[in-house]
Amino acid sequence: MKKPIKEQKMILIILLSNIFIAFLGIGLIIPVMPSFMNYMHLSGGSMGSLVAVFAVSQLIISPFAGRWVDKFGRKIMIVLGLFIFSLSELIFGLGSHISIFYFSRVLGGASAAFIMPAVTAYIADITTIQERSKAMGYVSAAISTGFIIGPGVGGFIADFGIRMPFFFAAAIAFVAAVASIFLLKEPMSKEERALNSSNSQESSFFKDIKKSISPIYLVAFIIVFVLSFGLSAYETIFSLFTDHKFGFTPKNIAAIITFSSIIAVIIQLLLFGKMAEKLGEKRLIQLCLIIAACLTFISTIVSGFLSVLIVTCIIFLAFDLLRPALTSFLSKTAGSQQGFVAGMNSTYTSLGNVFGPALGGILFDVNIHYPYIFSGIVLIIGFGLTLIWKENH
């Protein structure tokens, strides 16, 4: 349903603001997690599991949420998702027992599963095919910006108390939910939703998984898993590692993550297209994997704020170039199977986000260097797998 340009722009701004707020809320708690861990006497394994529970919840609920977006409407799922996110952050901030924190993360994963497909579907409803890729690019930028600004904001809010970033996230999500009730209109009529819902087929998750292990896709999807596993393990442990090893404050951690993310995004925007054109996706993926692996090992021996900042900056850049290179490679491989490949890309990413933080947290409790050593080994295995692409593609 194409809307007038002025109304379409206003709706797009509201939708992008909602996505930005959700990921800002996720990002701003990152730098306070080590202090919170010490304050609540939680182990590294518990912290990793808390991140993994979020991903498990999102993975399980996403197929249902996608169908509910068609059945009940885009607006109600966005509003409900923001309210659930607000509640999850409030519960975490008020929590005093590990079971409460797990419950909060389950709600957080559910909120992400509600918000993302609803916003994507809403944008598809109000844009033409020609406008859609540009609009989806804005969604990606809103997510990245939320992640970039979040840790910086969280580090400074933490000065007022280590629970304050959770309350702040809860407050802004609540405001966004209330604003969306009044500012957003449901883009589809009841009749259109009923028709759309009846035409949507039940998700055949296991059939898709079986199809994804065919030779043409398998290596690429394994590397998607390796990327999300390595990145989530690295990011989850990073704040704990720098706190325990160097005594970095939430502000120090926030500064490193924010600066590294900004540099990575700028270079990605300016150079990714040229690098992909010159090297090709496969070589760029191999280059990023080997650089990320080497610097993950180096992370265990560097010391001092500046050297940690430089190493982290390059690792973030490698991951930020690797992700679009993989997506582009998969898209070219997919042909007419774009929807299937996009869905499986999300599934393997979620699986990596489940196992990476959980295993990273367990290894952290054994030795603070083990998560990085293991992540480096996994990335090298991923590089090795790229060497057999010629045979399968």
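- As annotated in an unreviewed UniProt entry, the protein carries the name Multidrug MFS transporter and is attributed to Lysinibacillus odysseyi 34hs-1 = NBRC 100172.

Observations concerning helix H15 (residues 370-386)
Okay, so step 1: End to end, H15 covers 25 Å across 17 residues, agreeing with the expected 24 Å (1.5 Å per residue, within 8%).
Okay, so step 2: Here H15 has its buried residues at Pro371, Tyr372, Ser375, Gly376, Val378, Leu379, Gly382 and Thr386. Axial view of H15: buried residues confined to an arc of 165°, hence all on one face.

Here we look at the nonpolar core
Okay, so step 1: In terms of nonpolar packing, the biggest core is built from 99 residues, with Leu15, Ile78, Phe238, Ile285, Phe319 and Leu322 touching the most fellow members.
Okay, so step 2: With 15 residues, helix H10 (residues 215-246) is the largest single contributor of residues to this core.
Okay, so step 3: Counting contributing residues, this core receives three or more from each of domain 1 (1-200) and domain 2 (205-392).
Okay, so step 4: Residues in contact with Phe319, not counting those within four places in the same chain, are Leu227, Gly230, Leu231, Ala292 and Leu379.

Description of the side chain of Ser375
Okay, so step 1: Within the secondary structure, Ser375 sits in helix H15.
Okay, so step 2: In this view, Ser375 contacts Gly230, Ala233 and Thr296; residues no more than four positions away in its chain are not counted.

Thoughts on the pattern of salt bridges
Okay, so step 1: What the rule picks out here adds up to one salt bridge.
Okay, so step 2: Of the charged contacts, one joins Arg105 and Glu89 as a salt bridge, the two residues approaching to 3.0 Å between their closest N and O atoms. Taken as a pair, Arg105 in helix H5 (residues 98-126) and Glu89 in helix H4 (residues 74-94) lie far apart in primary sequence, 16 residues in all. Of the two residues, Arg105 and Glu89, neither departs from the other in class, the shared state being buried.

About the criteria used
- Residues numbered from 1 in each chain as written.
- Predicted model: local features only at pLDDT ≥ 70, side-chain atom pairs only at ≥ 80, totals over all residues.
- Heavy atoms only, no water.
- Helix = DSSP H or I, 4+ residues; strand = E, 2+ residues; numbered from the N terminus.
- Expected span 1.5 Å × (residues − 1).
- Buried < 20%, exposed > 50% of the residue type's maximum accessible area, 1.4 Å probe, protein only.
- Arc of directions from axis to C-beta.
- Core = buried A, V, L, I, M, F, W, Y, C linked by side-chain atoms within 4.5 Å.
- Domains from an automatic or database assignment.
- Contact = heavy atoms within 4.5 Å.
- Salt bridge = Lys/Arg side-chain N within 4 Å of Asp/Glu carboxyl O.

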